[in-house]
Amino acid sequence: MNDQSPSVEQTRTTGARGLRPALRDRQMSMIAIGGVIGAGLFVGSGAVINKAGPAALVAYAIAGLLVVLVMRMLAELSVAAPRTGSFASYASRELGSWAGLAIGWLYAYSWSVTVGVEAVIGGALLHGMLPAVPDWAAALVFMLVLAGSNLIAVRAFGEVEFWFALIKVVAIVAFIGLGLLAICGLLPGVPAPGGANLFEHGGFAPNGWYAVLPALLVVSFAFSGAEVVTIAAGEAMRPAEAVRRAVRTTMVRILVFYIGSIAVIATLLPHDAAGITESPYSAVLDRLGIPNAGLIMDVVVLVAVLSCLNSGIYTASRMLYALAGNGEGPRVLARSNAAGVPVPAVLVVALAGLTTVAANYFVSTTAIFDFLVDSSGSVIVLLYLTIAVTQLHSRARAEREGQHLPVRMWGYPYVSWAVVVALVAFLVLMVVDPTTRHSLLLTLSVAAVAVTVGLLRQKRQVPPRS
């Protein structure tokens, strides 16, 4: 069934005029999983545990619940009308073209910068494993190879991401399995820790419950990427089913991959253990006596980084393509080749990524690189807020018009408004926290430019009423 050519109806429902629905169910499933499991889980979780102690589990649970709710809201929008532009298209429809243009370009900008950052991180990782390979050369090769795979066909992207995600899943499942054996005292030579690491060493919240708040910010950014599957739905063979399945299993994936693995780390290691901030997973494997633990985790993290780079090129290029198709970007970006690949958009994203790489390696000051990273760092919170507001508008309109929605947000409108309040609270917390204030202010500055351009464009398009 999955090998059949896409029908005319499939092509029509994608809403992507020159794209081809070619992503199979198994690829969409792994894209959804890969979107949740990023390098932030393997590396950033150590800093969260170090700051908050075992109470980091609370931070992951709260942030995970918020992501599940936002994804449910996005599913309500996406299942009814799967589009490559996803939330940007829905924002244009419900809030005005200025909103779709602003959030779409912010999102594409954020991913384009992320592509370059991930290439830099990947280059450093490979250089650490193979010192003879210059880090800049490795970063360049990663960029060129994955941009090349994105230029071949969407199926090539899907297949590469399938294997990247599969490696990440196998690694985490194996890690949790070994951890559970150790916790139960079933691993030879490793005594069961009991609850010592959870409730001793200062208690469950050794630095106080206030420490959970800044940890919550770090955790929230680690979940970014869950929305990628709704963009890929525009090129899926069965888009509505793919989005519905991905959102339905989001909670399970967060519980297993994030909360499950964090629980293993917090149970097996004290929050202030040596090496936990650098590589918590390696520290646990060392504790269990697994040989070459550091090398194993370096390989897994490299795969996670390359997966993010691959997804970034795809996601940003499709967003640019959708924006151009809506008249919210240069018309050349709406072109695609015979294979359904938006070549100009992919090349623009690759060029932006290479610019970020060059800013890191070949510019004498880090000011440009730091600006790019900081100014795109808080886009995910603005994205979630846009999705929530869009869903509120869309649902109200659907109920006025008597539309049937295949997927509906739980507890509307109360839960939807609770999500909006929570996201606004996140923004306030980011202003208060000195570690995130600078990034937020830069992101808001870039957002202000995007909104201004969107409003001016909308004003020129819509004549004033007499």
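Trainee: Can you tell me about the overall build of the protein chain, naming the residues and giving the values?
Mentor: When helices and strands are tallied, the protein chain shows 20 helices and zero strands. Here the C-alpha radius of gyration of the protein chain, 22 Å, is about what a compact globule of 466 residues would show, namely 23 Å. Principal-axis analysis of the C-alpha atoms places the extent of the protein chain at approximately 75 × 50 × 50 Å. When burial is assessed residue by residue, the protein chain has 55% of its 466 residues classed as buried. The contacts in the protein chain between residues at least 6 apart in sequence include a share of 79% that link residues at least 24 apart. If you sum the accessible surface of the protein chain, you get close to 18,900 Å²; carbon and sulfur atoms cover 68% of it. Averaging the coordinates of the 29 positive side-chain charges in the protein chain and doing the same for the 23 negative ones gives two points 13 Å apart.

Trainee: Now, about the nonpolar core: what can you tell me, with residues and values included?
Mentor: Counting residues in each nonpolar core, the largest one holds 156 residues, and the members touching the most others are Met28, Phe42, Phe87 and Tyr258. Element by element, the count of residues in this core is highest for helix H15 (residues 293-325), at 18 residues. Each residue touching methionine 28, except ones within four places of it in the same chain, is listed here: Leu23, Val229, Ala232, Ala233, Ala236 and Ala242.

Trainee: Provide a residue-level description of a nonpolar patch on the surface, including the pertinent values.
Mentor: Taken together, Tyr210, Leu213, Val424, Val428 and Val432 make up a surface patch of nonpolar side chains, about 460 Å² in accessible area. The biggest single contributor to the nonpolar patch is helix H19 (residues 414-432), with three residues.

Trainee: How would you explain helix H14 (residues 280-287) if you had to name every residue and give the values?
Mentor: Where burial is concerned, most of H14 is hidden: six out of the eight residues are buried. Among the structural elements, helix H3 (39-52), helix H8 (154-183), helix H13 (250-268) and H15 are those in contact with the buried residues of H14.

Trainee: Requested: an account of the pattern of salt bridges, with residues and values cited.
Mentor: Across all of its chains, the model carries nine salt bridges by this definition. Across the pair glutamate 159 and arginine 26 runs a salt bridge whose closest N-O atoms are separated by 2.8 Å. A residue pair is termed long-range when its members are at least 10 positions apart, and glutamate 159 in helix H8 and arginine 26 in helix H2 (residues 25-36) qualify at 133 residues. Residue class for glutamate 159 comes out partly exposed when judged on its relative accessible area of 26%. You can call arginine 26 partly exposed: its relative accessible area is 34%.

Trainee: Any details on the environment of valine 446? Residues and values, ideally.
Mentor: With respect to the helices and strands, the residue valine 446 is situated in helix H20 (residues 434-461). Once the C-alpha coordinates of valine 446 and alanine 139 are considered, the two residues, 307 residues apart in sequence, prove to be 27 Å apart.

Trainee: Explain empty space enclosed by the protein to me, using residue names and the numbers behind them.
Mentor: Under the criterion given, the structure shown has one cavity of 30 Å³ or more. As a volume, the largest cavity reaches approximately 70 Å³. A class-by-class count of the residues in the lining of the largest cavity yields eight nonpolar, one polar and no charged.

Trainee: Quick rundown of the packing of helix H5 (residues 86-95) against helix H6 (residues 97-129)? Include the residues and the values.
Mentor: Where H5 meets H6, the axes come as close as 6 Å, and the angle between the chain directions of the two elements is 160 degrees. Here H5 lies roughly antiparallel to H6, going by the angle between them. Read as a crossing pair, H5 and H6 show a hand that is right-handed. Listed contacts from H6 to Phe87, Ala88, Ala91, Ser92 and Leu95 of H5 are Ser97, Trp98, Ala99, Gly100, Leu101, Ile103, Gly104 and Tyr107. In terms of residue class, the contact of H5 with H6 is built from nine nonpolar, four polar and no charged.

Trainee: How would you explain the environment of valine 303 if you had to name every residue and give the values?
Mentor: Tracing the sequence through the fold places valine 303 in helix H15. With residues up to four places along the chain from it excluded, the contact list for valine 303 reads Phe164, Ile167 and Lys168.

Trainee: How would you summarise the confidence of the model for the protein chain if you had to cite specific residues and measurements?
Mentor: Per-residue confidence for the protein chain gives a mean pLDDT of 86; residues scoring 70 or more make up 95%. For the protein chain, per-element mean pLDDT is lowest for helix H1 (residues 8-14), which scores 37, and highest for helix H18 (residues 379-401), which scores 94.

Trainee: Describe unusual backbone geometry, naming the residues involved and giving the relevant values.
Mentor: Omega for the bond connecting tyrosine 412 with proline 413 falls within 30 degrees of zero, at 0 degrees, which places this linkage in the cis form. Note that proline 413 resides in the loop between H18 and H19. Phi at serine 86 takes a positive value of approximately 45 degrees, unusual for a residue other than glycine. Relative to the elements of secondary structure, serine 86 occurs in helix H5. Given a relative accessible area of 0%, serine 86 falls into the buried group. For asparagine 292, which is not glycine, the phi dihedral falls at a positive 55 degrees. Looking at the secondary structure, you find asparagine 292 in the loop between H14 and H15. A residue is classified by how much of its surface remains accessible, and asparagine 292, at 59% relative accessible area, is exposed.

Trainee: If you had to explain the packing of aromatic side chains to someone new, which residues and values would you point to?
Mentor: Two aromatic rings, taken as a pair, are described by how far apart their centres are and by the angle between their planes. This structure, assessed with the given rule, holds ten aromatic pairs. Between the aromatic rings of tryptophan 136 and phenylalanine 362, the centroid separation amounts to 6.1 Å while the plane-to-plane angle is 70 degrees, which identifies the pairing as edge-to-face. Taken together, the residues tryptophan 136 in helix H7 (residues 135-152) and phenylalanine 362 in the loop between helix H16 (343-361) and helix H17 (367-376) connect sequence positions 226 residues apart. Tryptophan 136 gets classed as partly exposed once you look at its relative accessible area, which sits at 40%.

Trainee: Could you give an account of the environment of proline 330, with specific residues and numbers?
Mentor: Following the sequence through the fold, proline 330 ends up in the loop between H15 and H16. With relative accessibility at 44%, the residue proline 330 sits in the partly exposed group. In this structure, the C-alpha to C-alpha distance between proline 330 and valine 305, residues 25 residues apart in sequence, is 30 Å. Filtering out sequence-adjacent residues up to four positions away, proline 330 remains in contact with Trp105 and Ala324.

Calculation notes
Residues numbered from 1 in each chain as written. Predicted model: local features only at pLDDT ≥ 70, side-chain atom pairs only at ≥ 80, totals over all residues. Heavy atoms only, no water. Helix = DSSP H or I, 4+ residues; strand = E, 2+ residues; numbered from the N terminus. Rg over C-alpha atoms; globule rule 2.2 N^0.38 Å. Buried < 20%, exposed > 50% of the residue type's maximum accessible area, 1.4 Å probe, protein only. Contact = heavy atoms within 4.5 Å. Areas by Shrake-Rupley, 256 points an atom, 1.4 Å probe, with all protein chains shown as cover. Lys, Arg positive; Asp, Glu negative; His and termini not counted. Charge placed at Lys NZ, Arg CZ, Asp CG, Glu CD. Core = buried A, V, L, I, M, F, W, Y, C linked by side-chain atoms within 4.5 Å. Patch = residues over 30% accessible without salt bridge, like charges linked within 9 Å, V, L, I, M, F, W, Y side chains within 5 Å. Salt bridge = Lys/Arg side-chain N within 4 Å of Asp/Glu carboxyl O. 1 Å grid on protein atoms, 1.4 Å probe; cavity = no way out; pocket = protein on both sides within 12 Å on 5 of 7 lines; lining within 4 Å. Points joined across faces, edges and corners; volume = space filled by probe spheres on them. Nonpolar A, V, L, I, M, F, W, Y, C, P; charged D, E, K, R; others polar. Axes fitted to C-alpha atoms, helices over the stretch in contact; angles between N-to-C directions. Parallel < 35°, antiparallel > 145°, perpendicular 65-115°, else oblique. Left-handed = near helix turned anticlockwise from the far one by under 90°. pLDDT = per-residue confidence, 0-100. Phe/Tyr/Trp six-rings, centres within 6.5 Å; stacked < 30°, edge-to-face > 60°.

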